Amino acid sequence: MGVTKAVIPAAGLGTRFLPVTKALPKEMFPICNKPIIQYCIEEAINSGIEDILIITGRGKWSIVDYYDRSPELEAHLAKKGNYLQLEKLRQLSRMANIHYIRQNEPLGLGHAVYCAKSFIGQNPFAVLLGDDIIKSDIPAIKQLMEVSEGTGSNVIGVQEVSERDVSKYGIIDPLHNDHDIYCVKDLVEKPSLKDAPSRLAIMGRYILNPSIFSSLEKIPKGAGGEFQLTDALKMQIKLEPIYACNLKGIRYDAGDKLGFLMATIEYALESPEIGLEFAQYLDTLYEKRKNMRIPFI
Ligand code: UTP
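What comes next is a walk through the structure. Computed from a predicted model, the values in this text were never measured in an experiment.

Once that is clear, we can look at the pairing of strand 9 (residues 170-178). As paired elements, strand 9 and strand 10 (residues 181-189) share 8 bridges and run antiparallel to each other. Considered in strand 10, the bridge of I172 is made with L187. In textbook terms, the turn of a hairpin is the stretch between consecutive antiparallel strands, and for strand 9 and strand 10 this stretch comprises 2 residues, one of which, H179, has a positive phi near 50 degrees.

Below, the structure written as structure tokens:
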């Protein structure tokens, strides 16, 4: 059976974006006029996912509100005759079957995924990290599904990162490479450059078999004092093959200030509504800074 369920962990504290994340969930930061998590939801739906479980936590109510109906706003738009906006708003709450479970303490990504155990059942499922955006022709999670359908195995999305960035990610030790698909020999969470087995970093997209839950139950706390999904996958390698797929597309870590700004600029430039004006503004800004000899640090 194909993958029809997805889990989007969105209960993290967002410490890289403090102080704003003290009151606002980073998954709800807007890239143009859509929240970051919406890009993940659309990716899942465009890949054929029917049921999506969002892992929420304290202070994340705005995510639930966003996908709920909004009778007052709908009545207001209907009264004003703004039927286009009204339909767009209604579509949001009909997009997919969205479910929620609360992670009562942010104990790490591994723990967040474990919270989905009762929702998942017996079939493979997708995991999309709620602060990672992947801009691609074929939705990133669909790329992984194609590998998982062919192999019946767990599949991880990876991309090569610079030496400087290796210590920020889970890194795979690839056994061999066949058309951008690697058999994974080992995984290390946030290694130093000298301990990193490669520069192939895990990019927030996974297709997992439900057998992962028994490893998630056993792992001790790992890097950063958190229960790490990477550690459960490492345990799982001893029991079943894990593949990694080199994702085609541009990935933005929108939970990080720089990644968020890059995604904002890219999507704004492509917006039919504001793209042209925004590009002209960037040109002007660039020229101004160049003439004033303000360094682009
Ligand atoms: P991150 O490590 O990027 O999120 O987790 P974080 O912990 O919120 O970020 P920083 O490092 O403190 O800035 C990746 C995804 O997993 C979720 C996050 O919400 C994010 O979407 N997550 C993380 C959980 O759902 N629960 C957790 O305990 C940790």
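Right, picking up where we left off after that structure.
Counting across every chain of the model gives 20 salt bridges. The partner of E42 in a salt bridge is K34, with the nearest N and O atoms 3.0 Å apart. Assessed through its relative accessible area of 24%, K34 is described here as partly exposed. With a closest N to O distance of 2.5 Å, E87 and R94 form a salt bridge.

Moving on, we get to the state of the cysteines. This structure, assessed with the given rule, holds 0 disulfides. Unpaired in this structure, C183 has its nearest cysteine sulfur neighbour in C245, at a distance of 14 Å.

Time to look at the side chain of D165. Position of D165 relative to the elements: it lies in the loop between strand 8 (154-160) and strand 9. Taking the relative accessible area as the measure of exposure, D165 reaches 17% and is therefore buried. Side chain to side chain, D165 and K168 meet in a polar contact 2.9 Å long.

As a further point, take the site of the ligand. By nearness alone, 19 residues border the ligand, and A11, G12, T15, Q103 and G108 come closest of all. In this structure, an oxygen atom belonging to the ligand sits 2.8 Å away from a side-chain N or O atom of E27. Note that an oxygen atom of the ligand is positioned 2.7 Å from one of the backbone N or O atoms of G108. Alone, the ligand offers 570 Å² of accessible surface; in the complex the protein occludes 86% of this. Classifying every residue of the shell around the ligand by side-chain character gives 9 nonpolar, 6 polar and 4 charged.

The rules behind these values
Residues numbered from 1 in each chain as written. Predicted model: local features only at pLDDT ≥ 70, side-chain atom pairs only at ≥ 80, totals over all residues. Heavy atoms only, no water. Pairing = 2+ DSSP bridges. Helix = DSSP H or I, 4+ residues; strand = E, 2+ residues; numbered from the N terminus. Salt bridge = Lys/Arg side-chain N within 4 Å of Asp/Glu carboxyl O. Buried < 20%, exposed > 50% of the residue type's maximum accessible area, 1.4 Å probe, protein only. Disulfide = S-S within 2.5 Å. Polar contact = N/O pair within 3.5 Å; in protein donor to acceptor, adjacent residues only side chain to side chain. Near = heavy atom within 4 Å. Areas by Shrake-Rupley, 256 points an atom, 1.4 Å probe, with all protein chains shown as cover. Nonpolar A, V, L, I, M, F, W, Y, C, P; charged D, E, K, R; others polar.

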